[in-house]
Amino acid sequence: MSDMTTVLELPRLEEQEEKKTGGMIFVVLSGDFERVFAAFTLASTAAASGIPTKMFFTFWGLFSLVKNDRGMTGKNWMQKMMSVINPGGTEKLKLSQYHFSGMGTSMMRTLAKQNGMATPQELLEAALDLGVEMIPCQMTMDVLGLTKADMIDGIAEPAGAATVVALMQENKALFI
Amino acid sequence: MSDMTTVLELPRLEEQEEKKTGGMIFVVLSGDFERVFAAFTLASTAAASGIPTKMFFTFWGLFSLVKNDRGMTGKNWMQKMMSVINPGGTEKLKLSQYHFSGMGTSMMRTLAKQNGMATPQELLEAALDLGVEMIPCQMTMDVLGLTKADMIDGIAEPAGAATVVALMQENKALFI
Amino acid sequence: MSDMTTVLELPRLEEQEEKKTGGMIFVVLSGDFERVFAAFTLASTAAASGIPTKMFFTFWGLFSLVKNDRGMTGKNWMQKMMSVINPGGTEKLKLSQYHFSGMGTSMMRTLAKQNGMATPQELLEAALDLGVEMIPCQMTMDVLGLTKADMIDGIAEPAGAATVVALMQENKALFI
């Protein structure tokens, strides 16, 4: 009987260990250049290290998944106005401070380039290539009137809070 | 002896598993509309999924637990001035950007309502109903001169950094 | 054989438990007074509780590790300009809102002092004394042209994204 118990229990130990070295999920709410940049850097590095990595994009964070060449989005005037004020795409990301009508952010991009760093767009593409699953927030899409046509290719189906909470429970979760 | 060891060890395995599917704690420092909104959404969803959920409110985050109908708070002029500049309550939450003297935040609230989303106040009440334990930061209350009478009903006793670190250690922790 | 298996497996249980009560890593991207303050408070409290604690400082967060008496830093004009706009050191930390050209932040510092709270500088020093390992981001140092001479004493060697991801995987990770 001791044998039986031991044998039955061992697989559960293995499972636990597998779960321990489980995946990561980044919940990206911010649309600030530096936070999105950090999120893409950490997520692509994690994926490159063999860690199953997911990103959930909500609120301002979702704008990073909007196509760079997408102009005005939304269905009603409020949504359209919001998209004009805060256009989507990685090329339009702004620093949270010292943006200076674009000069500060542009300077930061130049400094980054001079030091051989990847751009947010390159990091986004690298992350997708490395298999990072990018999940847009359904609720944010609805509120902003964003459709699948507005979003970049290669991302996952939109999901809601219940999905992200389940993923947070199963993975190492970071809120950015 | 083998039997003994096996029998003695099994309960520990069970315990570990219970801990693994343990609770969540959200450390809410931000007072931005979108971050508080996200925190309440995730916390109430987690609680609704049966996950024991706690929230620790500190700094700007604490203002969400101040009564909506509370006017000026604080004991000395600095604390009073701070409460006038940044009044508490979920109804006074502002977007981190594009607040536009209220127009941007109001527009976002309207868009959310049109899409059948709950307000921060409704999410707060839902979270309380679902048993989310909301812990105000003692230090922040002291600094801002906030008393128990200023805070909404149904929240937990104020606690300090040592308590929150212990809770972070025992639970899945997110900093918002 | 049952004995063997049991004996062989037990140490793994022990290891798992040790890992479970493992360390914490705070990834500090923000340079806002309140977020840096919270990070140092939580990190020093965690270290004081016997939790092995690390902090990784990147982007705006890195400025907290610049010496308070350091003037202009950087090698080229862009880096120098950035350091003038956003000088480093804990004494120059600003509130994310209501800074009011220094008056708001100064008021908050006064309120904190009146309530016997430590300053960010004192918390930083306490954290170092308690053995918190403070790791500056190599990439940020390069981009901003910061050298070892610009940074405070007692911190760890600069490291990159791969290191921080590995630390995030092994420890409880919070993004601030």
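Residues numbered from 1 in each chain as written. Chains lettered and ligands numbered in written order. Predicted model: local features only at pLDDT ≥ 70, side-chain atom pairs only at ≥ 80, totals over all residues. Heavy atoms only, no water.

A. Broad picture of the overall build of chain A. If you tally the helices and strands in chain A, you get seven helices and four strands. Counting across all 176 residues of chain A, residues that qualify as buried make up 53%. Considering only residue pairs separated by 6 or more positions, chain A has 71% of its internal contacts joining residues 24 or more positions apart. (Helix = DSSP H or I, 4+ residues; strand = E, 2+ residues; numbered from the N terminus. Buried < 20%, exposed > 50% of the residue type's maximum accessible area, 1.4 Å probe, protein only. Contact = heavy atoms within 4.5 Å.)

B. Summary view of the sheet that holds strand S2 (residues 53-57) of chain B. All names here are of chain B. If you walk across this open sheet you meet the four strands as S3-S2-S1-S4, and the pairing is parallel. Every interior strand has two partners, whereas the edge strands, strand S3 (133-136) and strand S4 (172-175), have only one. Averaged over neighbouring strand pairs, the angle between their axes works out to 20 degrees when direction is ignored. Pairing between strand S1 (residues 24-28) and S2: five bridges, direction parallel. (Pairing = 2+ DSSP bridges. Axes fitted to C-alpha atoms, helices over the stretch in contact; angles between N-to-C directions.)

C. Focus on the sheet that holds strand S4 (residues 172-175) of chain A. Spatial ordering of the open sheet is given by S3-S2-S1-S4 (chain A), a layout of four strands whose pairing is parallel. Each of the sheet's edge strands pairs with one partner strand only, and the pair in question is strand S3 (133-136) and S4 of chain A. Across the sheet, the mean angle from the axis of one strand to that of its neighbour is 20 degrees, orientation sign disregarded. The strands that helix H2 (residues 33-48) of chain A touches are strand S1 (24-28), strand S2 (53-57) and S3 of chain A; relative to S2 of chain A, the one it contacts most, it runs at about 155 degrees. Those strands touched by helix H7 (residues 161-170) of chain C are S1 and S4 of chain A, and its axis lies near 105 degrees from that of S1 of chain A.

D. Fine view of the environment of leucine 128 of chain A. Here leucine 128 of chain A is to be found in helix H5 (residues 120-129). For the pair leucine 128 of chain A and alanine 43 of chain A, spaced 85 residues apart in sequence, the C-alpha to C-alpha distance is 9.8 Å.

E. Fine view of the environment of threonine 163 of chain C. All names here are of chain C. With respect to the helices and strands, threonine 163 occurs in helix H7. Overall, the relative accessible area of 37% leaves threonine 163 in the partly exposed class. Between the C-alpha atom of threonine 163 and that of isoleucine 135, which follows or precedes it by 28 residues, the distance is 10.0 Å.

F. Inspection of the pattern of salt bridges at higher detail. Residue and element names in this part refer to chain B. Evaluation of the coordinates by the stated rule reveals nine salt bridges over all chains. The closest approach of N and O atoms between arginine 70 and aspartate 150, which form a salt bridge, is 2.6 Å. Of this pair, arginine 70 sits in the loop between S2 and helix H3 (77-85) while aspartate 150 is found in the loop between helix H6 (138-144) and helix H7 (161-170), placing the two residues 80 residues apart along the sequence. A relative accessible area of 5% means that aspartate 150 is categorised as buried. (Salt bridge = Lys/Arg side-chain N within 4 Å of Asp/Glu carboxyl O.)

G. Geometry of unusual backbone geometry. Despite not being glycine, phenylalanine 59 of chain A shows a phi value in the positive range, around 50 degrees. Relative to the assigned elements, phenylalanine 59 of chain A resides in the loop between S2 and helix H3 (77-85).

H. Summary view of helix H5 (residues 120-129) of chain C. All names here are of chain C. Every buried residue of H5 is accounted for by Pro120, Leu123, Leu124 and Ala127. For H5, the arc enclosing every buried residue in end-on projection is 105 degrees, short of the 170-degree limit, so these residues lie on one face. One or two positions beyond H5, positive phi appears at glycine 131, with a value near 90 degrees. (Arc of directions from axis to C-beta.)

I. Layout of the packing of helix H4 (residues 103-114) of chain A against helix H3 (residues 77-85) of chain C. One way to put it is that H4 of chain A packs onto H3 of chain C with a least axis distance of 10 Å and a crossing angle of 130 degrees. Considering the angle they form, H4 of chain A stands oblique to H3 of chain C. Note on packing geometry: the crossing formed by H4 of chain A with H3 of chain C is left-handed. Note on element contacts: H3 of chain C touches H4 of chain A through Trp77, Met78, Gln79, Met81 and Met82 of chain C, opposite Met103, Met107, Met108, Thr110 and Leu111 of chain A. Considered class by class, the residues forming the contact of H4 of chain A with H3 of chain C number eight nonpolar, two polar and no charged. (Parallel < 35°, antiparallel > 145°, perpendicular 65-115°, else oblique. Left-handed = near helix turned anticlockwise from the far one by under 90°. Nonpolar A, V, L, I, M, F, W, Y, C, P; charged D, E, K, R; others polar.)

J. Helix H4 (residues 103-114) of chain B, seen in detail. With 12 residues, H4 of chain B should cover 16 Å at 1.5 Å per step; its first-to-last C-alpha distance of 16 Å lies within 8% of that length. For H4 of chain B, the set of buried residues is Gly104, Thr105, Met107, Met108, Leu111 and Ala112 of chain B. For H4 of chain B, the angular spread of buried residues about the axis comes to 160 degrees, placing them on one side. Seen from the open side of H4 of chain B, the exposed residues pointing more than 90 degrees away from its buried face are Lys113 and Gln114 of chain B. Structurally, H4 of chain B contributes buried residues whose contacts are with H3 and helix H6 (138-144) of chain A together with helix H2 (33-48) of chain B. Just downstream of H4 of chain B lies glycine 116 of chain B, where phi reads positive at about 70 degrees. (Expected span 1.5 Å × (residues − 1).)

K. Representation of the side chain of serine 64 of chain C within the structure. Secondary-structure assignment places serine 64 of chain C in the loop between strand S2 (53-57) and H3. Setting aside its immediate chain neighbours within four residues, serine 64 of chain C contacts Val36, Phe40, Thr90, Leu93 and Leu124 of chain C.

L. Local environment of the confidence of the model for chain A. All names here are of chain A. Mean pLDDT over chain A works out to 83, with 87% of the residues at or above the 70 mark. Residue range residues 1-21 is modelled with pLDDT below 50. Its contacts to residues more than four positions away, or to other chains, number 35 contacts. Two summary scores accompany this predicted model of the complex, namely pTM at 0.83 and ipTM at 0.80. (pLDDT = per-residue confidence, 0-100.)

M. Local environment of the side chain of glutamine 121 of chain B. Residue and element names in this part refer to chain B. Here glutamine 121 is to be found in helix H5 (residues 120-129). A polar atom in the side chain of glutamine 121 sits 2.3 Å from the side chain of threonine 90. Setting aside residues no more than four positions away along its own chain, glutamine 121 makes contact with Asn68 and Thr90. (Polar contact = N/O pair within 3.5 Å; in protein donor to acceptor, adjacent residues only side chain to side chain.)

N. A look at the packing of aromatic side chains. Tallied over the entire structure, the rule returns 12 aromatic pairs over all chains. Members of the aromatic cluster, each reached through a chain of ring pairs, are Phe59, Trp60 and Phe63 of chain A. (Phe/Tyr/Trp six-rings, centres within 6.5 Å; stacked < 30°, edge-to-face > 60°.)

O. Examining a nonpolar patch on the surface more closely. Together, Trp77 and Met81 of chain A together with Met103 of chain B make up a nonpolar patch on the protein surface, roughly 340 Å² of accessible area in all. With respect to the helices and strands, tryptophan 77 of chain A occurs in helix H3. (Patch = residues over 30% accessible without salt bridge, like charges linked within 9 Å, V, L, I, M, F, W, Y side chains within 5 Å. Areas by Shrake-Rupley, 256 points an atom, 1.4 Å probe, with all protein chains shown as cover.)

P. Summary view of the environment of aspartate 142 of chain B. With respect to the helices and strands, the residue aspartate 142 of chain B is situated in helix H6. Residue classification places aspartate 142 of chain B among the partly exposed residues on the basis of a relative accessible area of 36%. With 25 residues separating them along the chain, aspartate 142 of chain B and leucine 167 of chain B place their C-alpha atoms 21 Å apart. Those residues in contact with aspartate 142 of chain B, other than ones at most four positions away along the chain, are Gln79 of chain B together with Asn115 of chain C.

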